[in-house]
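# Summary of the model geometry
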Amino acid sequence: MAEQSSADAVVVGAGPAGSAAALELARAGRSVILLERGPFPGAKNVYGGVLDEVLPGWWEDVPVQRWVTRRSTMMMTPTQALTVDFRTQDWGSAPYNGMTTYRADFDTWLAGKAVDAGAQLVTSTVATELLRDPSGRVVGVRTDRPDGDIRAQFVVACDGVNSFLAKQAGLLPRTNPEHQTLGVKETLSLPRRTIEERFGLNGDDGADFEIVGCTGEIPGGGFLYTNRDTVSVGVVLSLTGLAKSGRRPEEVLADLKAHPAIAPYLRGAELKEYSAHLIPEGGYRSMPPLTADGLLVAGDAAAMCLAAGIWLEGVNFAIGSGLAAGRTAAEAIAAGDPTRLAGYRKRLADNFVLTDHKNLQGAPHLVLSDRVQRQYPRLLCDFAQEVFTVRNPKPKPGLGKLFRRTAARHGVRLRQLAADAWAGFRVFG
Ligand SMILES: Cc1cc2nc3c(=O)[nH]c(=O)nc-3n(C[C@H](O)[C@H](O)[C@H](O)COP(=O)(O)OP(=O)(O)OC[C@H]3O[C@@H](n4cnc5c(N)ncnc54)[C@H](O)[C@@H]3O)c2cc1C
């Protein structure tokens, strides 16, 4: 990078949001510099690996590990597990539905698409400060390179959770730990054949398990998914719950790995990688303003990760918002109107990004409630155990009576259960 560079736009962060923004700007014929602090895109972040939608025709050359054809939701107590297990071969061929991938491979691939379209990728470079003109308008970034200021008509901040740039612009207030979770993940090696036998998979098919009730008194959840010859297992933990519990995240993960419903999948597996990363899970209500004069914010930097129990999706939202930010900036440059950023929010409101977030804004609160986290998994597991118990046969009490009796034993009031079911219907319905 030349000293004192300039470009139409500078995008900070080559995660999914940043690469998508740079791709869109480059496709519109704009000069764009894509800055990444890691030595290569994807070197400094992690993610669970399941994507639903990327780019048209993405499946033809994306660095996939496995195509997800099996999705299971597991409710757990320390000794029980009740699973809804779904599989479909419809997701096993193009256009597919979701995949597991290594983030280093995926981010490098997506940044490569931006470079192919004409963006300039600059790695091992940290944006340290926003540059402003006398009116306060953002006009570029300072980097940690000597004389490494980059002047641009627009800066797109895609620097991830706790965005330093959004904070500097006064868009992100002080971080509220209630709006964040900590994701910890282990990637473990197993022979490809063993994975296919244990998870009941053929060829390139993959499995993704989402787990509720596995984090004890800490609100959160767990996951287990298959790669080609590794499996990834992890937990996502409320930061405030973790602090209150006095436990360490590795202990919670160790408990999940030792659970009788999970341990057989992992037997003999060897640790290949451990990672931990914050996730902005506050949803719609915690999103900052998305623009300032000369600045657009996208992806996790704008708290666009959606954690709604049955979905933990950040990559789609990062890509969707990155594309919209890039398109908005490109249009404003073409129109010669630097103030024309209102279209960004409208674009997001018209597509899945803000629509999903708005519709599901009550989800994090409901999903992280103690009832959904602990009481209901216990109730459902015990109910299933009662239903399937055949020793000492007695006259069957009837399922309704059995359920009421189990609920009473767990202190669950049916009126509260109905209210939560209704709330769930309103949030997800
Ligand atoms: C354990 C875990 C599991 C997850 N599972 C899933 C899942 O299954 N599906 C899903 O869709 N999402 C999942 N997510 C969420 C997903 O990872 C994020 O939502 C997504 O990565 C957001 O993309 P982004 O581009 O906004 O930010 P990031 O991916 O965080 O990228 C930000 C980039 O900016 C760079 N950067 C930061 N500051 C600077 C700076 N000052 N200068 C230069 N570069 C900078 C970083 O190095 C990084 O490359 C998971 C997250 C975790 C932690």
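All values derive from a computational prediction rather than experimental measurement.

Entries for the protein in the domain assignment read domain 1 (6-65 + 101-173 + 288-350), domain 2 (178-280) and domain 3 (364-428). If you average the C-alpha positions of domain 1 and of domain 3, the two centres end up 44 Å apart.

All right, on to the state of the cysteines then. Structurally, a disulfide amounts to a covalent bond that connects the sulfur atoms of two cysteines. Per the counting criterion, the structure on display carries zero disulfides. In this structure Cys214 is not part of a disulfide, and its nearest cysteine sulfur, from Cys381, lies 12 Å away. With no disulfide of its own, Cys305 has Cys158 as its nearest cysteine by sulfur position, at a separation of 15 Å.

Here we take up the side chain of Gln80. Tracing the backbone shows Gln80 in the loop between strand S3 (66-76) and strand S4 (81-87). Assessed through its relative accessible area of 11%, Gln80 is described here as buried. Side-chain polar atoms of Gln80 contact the side chain of Thr77, separated by 2.8 Å. Non-local contacts of Gln80, meaning those with residues more than four positions away in its chain, are made with Met75, His259, Cys381, Asp382 and Gln385.

A separate point is the pattern of salt bridges. This structure, assessed with the given rule, holds 24 salt bridges. In this structure, Glu24 and Arg327 form a salt bridge, with 2.7 Å as the shortest nitrogen-oxygen distance. You can see Glu24 sitting in helix H1 (residues 16-27) and its partner Arg327 sitting in helix H8 (residues 315-335), a full 303 residues away along the chain. Linking Asp107 and Arg103 is a salt bridge whose minimum nitrogen-to-oxygen distance equals 2.7 Å. Of the two residues, Asp107 and Arg103 both sit in helix H2 (residues 103-116), four residues apart, roughly one turn of that helix. What you see here is one network of salt bridges that share partners, running through Arg66, Arg192, Glu196 and Asp204.

Here is what the cut-offs are and how they apply
- Residues numbered from 1 in each chain as written.
- Predicted model: local features only at pLDDT ≥ 70, side-chain atom pairs only at ≥ 80, totals over all residues.
- Heavy atoms only, no water.
- Domains from an automatic or database assignment.
- Disulfide = S-S within 2.5 Å.
- Helix = DSSP H or I, 4+ residues; strand = E, 2+ residues; numbered from the N terminus.
- Buried < 20%, exposed > 50% of the residue type's maximum accessible area, 1.4 Å probe, protein only.
- Polar contact = N/O pair within 3.5 Å; in protein donor to acceptor, adjacent residues only side chain to side chain.
- Contact = heavy atoms within 4.5 Å.
- Salt bridge = Lys/Arg side-chain N within 4 Å of Asp/Glu carboxyl O.

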